[in-house]
Amino acid sequence: MIQPPDVSGTTGPDGASVPVVDVVCLGESMVTFLPRLPGRLADVPSFDRAIGGAESNVACTLARTGHTTRWISRVGTDGFGDHLLTAIAECGVDVAHVRRDPLRPTGVYFRTAGDRATDTHEVAYYRAGSAASAMTADGLDAAALRAGRILHLSGITAALSADCLGLLRELTARRPGRPLLSFDVNYRPGLWRDTARARVLLDLARGADLVFVGDDEARDAWGLHGPRAIRRALPEPQLLVVKQGKAGATVFRRTGGPDFRRTGEPDLRRTGETDFRRTGEPDGHRDDATGTFVPALNVDLVAATGAGDAFAAGFLSATLRGLPDRDRLRHGHLWAAAALTVPGDLATPPSRPQADRLAALDDTAWERLHLGPGWTDADVSGRRADEEVPTQ
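Predicted model only: the values in this text are computed from it and were never measured. (Residues numbered from 1 in each chain as written. Predicted model: local features only at pLDDT ≥ 70, side-chain atom pairs only at ≥ 80, totals over all residues. Heavy atoms only, no water.)

**Q** So what's going on with the sheet that holds strand S10 (residues 180-184)? Which residues, and what values?
**A** Each strand in a sheet pairs with its neighbour through backbone hydrogen bonds, running either in the same direction (parallel) or in the opposite one (antiparallel). Within the open sheet, the eight strands sit side by side as S4-S1-S9-S10-S11-S12-S13-S14. Their pairing is mixed. A single partner strand is all that each edge strand has here, and the edge strands are strand S4 (69-72) and strand S14 (292-295). Strand after strand, the sheet turns through a mean of 15° between neighbouring axes, direction not considered. In terms of strand pairing, strand S12 (residues 239-243) meets strand S13 (residues 248-253) through five bridges, oriented antiparallel. Counterpart to valine 242 in the pairing with S13 is threonine 250. Seen against the sheet, helix H8 (residues 215-222) touches strand S11 (210-214) and S12 and runs at an angle of roughly 80° to S11. (Pairing = 2+ DSSP bridges. Helix = DSSP H or I, 4+ residues; strand = E, 2+ residues; numbered from the N terminus. Axes fitted to C-alpha atoms, helices over the stretch in contact; angles between N-to-C directions. Contact = heavy atoms within 4.5 Å.)

Have a look at this one:
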């Protein structure tokens, strides 16, 4: 049973103190095999190895911009497990609390090079019975889980097994003293036998403080249409982010509740229910009826994989920094644009100064912004606010 943190700090099973990090991410990561040539899986002769996993993607992306992150999961004692731990650690993520399973393998999957949205896209998962599918509340390091300002989860974990669903139910239960709980619905039709079972994702989301969901996910899994309908079905989260594809994203903030914005420097000793403290009324000019909408950016699309994880990471980064809702959405869009303009799941996000400068553009300049491959490496510090960031 994972217990909420106490005010005396977090200690591991051996009594040693567990360092507090900005974000703890829990979920399965797999070794991914990406084709070297386009075509059907039956015809592709060779593949390149990479890593893939929604939660580890978020942890890696945040770590690449200086946030402290921890990834918690289970992997096999096989070579694929070794590779995952090495690759994720090389991004700057703490992997010391990942459990190794000598009886179950690390999950792997193969996919074609095409966009997931097309009919020609193929994915072959080999994750049934994986080490991660055996995650339970009793089998993880509770101290490491709660030693974060934010605990980030996704609905993918809930679909892996009954044990994993039980773990998600435990973690999303509202208890005093838990970290700010972030939940990305991440509905994957292939992981759910029918949409009736996927209704459990709605129950899990109701227990979170911050929820990310695509309007297409809500339509397919829950039969909900549009951001307002989604908000009516999910009134509990303090912040609800509805992603609307190429149009943009809307964030709803529950009025009257705490505003999770930092006041001054972070307190690493966890002396209260959360490291985010009430700072008076939230942004003031928005309410649940309208929300805050920010249009998506114009990008030269290379591949859509990983964009949702990058968006979540950008929004969480801005949340950790206490930025206003509009800027949180803009950071999400900017980090997603970094993922959309590279071929793999993981992209190097923009530097903090670069992202802050672009997020501060006026509405007209923001809507004129056009980003292409290599834009995060470009020196744009001297460009006008309304100037495009060109491709390399």
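**Q** So what's going on with unusual backbone geometry? Residues and values would help.
**A** One non-glycine residue, asparagine 186, adopts positive backbone phi at about 45°. Looking at where asparagine 186 falls in the secondary structure, it is placed in the loop between S10 and helix H6 (195-198). On the basis of relative accessible area, asparagine 186 is assigned to the buried category, the value being 7%. (Buried < 20%, exposed > 50% of the residue type's maximum accessible area, 1.4 Å probe, protein only.)

**Q** Mind laying out the environment of glycine 107, listing which residues take part and the relevant values?
**A** Along the chain, glycine 107 falls in the loop between strand S6 (99-101) and strand S7 (108-111). Look at glycine 107 and you get buried, because its relative accessible area is 2%. Setting aside residues up to four positions removed in sequence, glycine 107 forms contacts with Glu28, Met30, Val31, Tyr126, Arg127 and Ser130.

**Q** Break down the packing of helix H11 (residues 325-340) against helix H12 (residues 352-359) for me, with residues and values.
**A** Geometrically, a packed helix pair is captured by the angle between its two axes and the distance between the axes. It is at 9 Å that the axes of H11 and H12 come closest, and there the two elements cross at 120°. When the axes of H11 and H12 are compared, the pair comes out oblique. For the pair H11 and H12, the sense of crossing is right-handed. For the pair formed by H11 and H12, the contact residues are Arg326, Asp327, Arg330, His331, Leu334 and Trp335 on the first element and Ala355, Asp356, Leu358 and Ala359 on the second. Taken together, the residues of the contact of H11 with H12 break down into five nonpolar, one polar and four charged. (Parallel < 35°, antiparallel > 145°, perpendicular 65-115°, else oblique. Left-handed = near helix turned anticlockwise from the far one by under 90°. Nonpolar A, V, L, I, M, F, W, Y, C, P; charged D, E, K, R; others polar.)

**Q** So what about the pairing of strand S1 (residues 21-26)? Which residues, and what values?
**A** Here S1 lies mainly inside the structure; six of its six residues are buried. Where S1 lies against strand S9 (residues 148-154), four bridges are found, and the strand directions are parallel. If you follow cysteine 25 over to S9, its bridge partner there is histidine 152. Sheet analysis places S1 next to S4, joined by four bridges and oriented parallel. Residue pairing for S4: leucine 26 is matched across the bridge by isoleucine 72.

**Q** I'd like a description of the packing of aromatic side chains, backed by residues and values.
**A** Tallying each qualifying case throughout the model produces seven aromatic pairs. Both rings, one in phenylalanine 212 and one in phenylalanine 311, keep their centres 6.4 Å apart while their planes meet at 90°; by these two values the pair is edge-to-face. Note that phenylalanine 212 is positioned in strand S11 and phenylalanine 311 in helix H10 (residues 307-320), a separation of 99 residues in sequence. By relative accessible area, which is 0% here, phenylalanine 212 ends up buried. With relative accessibility at 4%, the residue phenylalanine 311 sits in the buried group. Centre to centre, the rings of phenylalanine 212 and phenylalanine 315 are 5.5 Å apart; their planes meet at 90°, and the pair counts as edge-to-face. Residue phenylalanine 212 is found in strand S11, and its partner phenylalanine 315 is found in helix H10; the two are separated by 103 residues along the sequence. (Phe/Tyr/Trp six-rings, centres within 6.5 Å; stacked < 30°, edge-to-face > 60°.)

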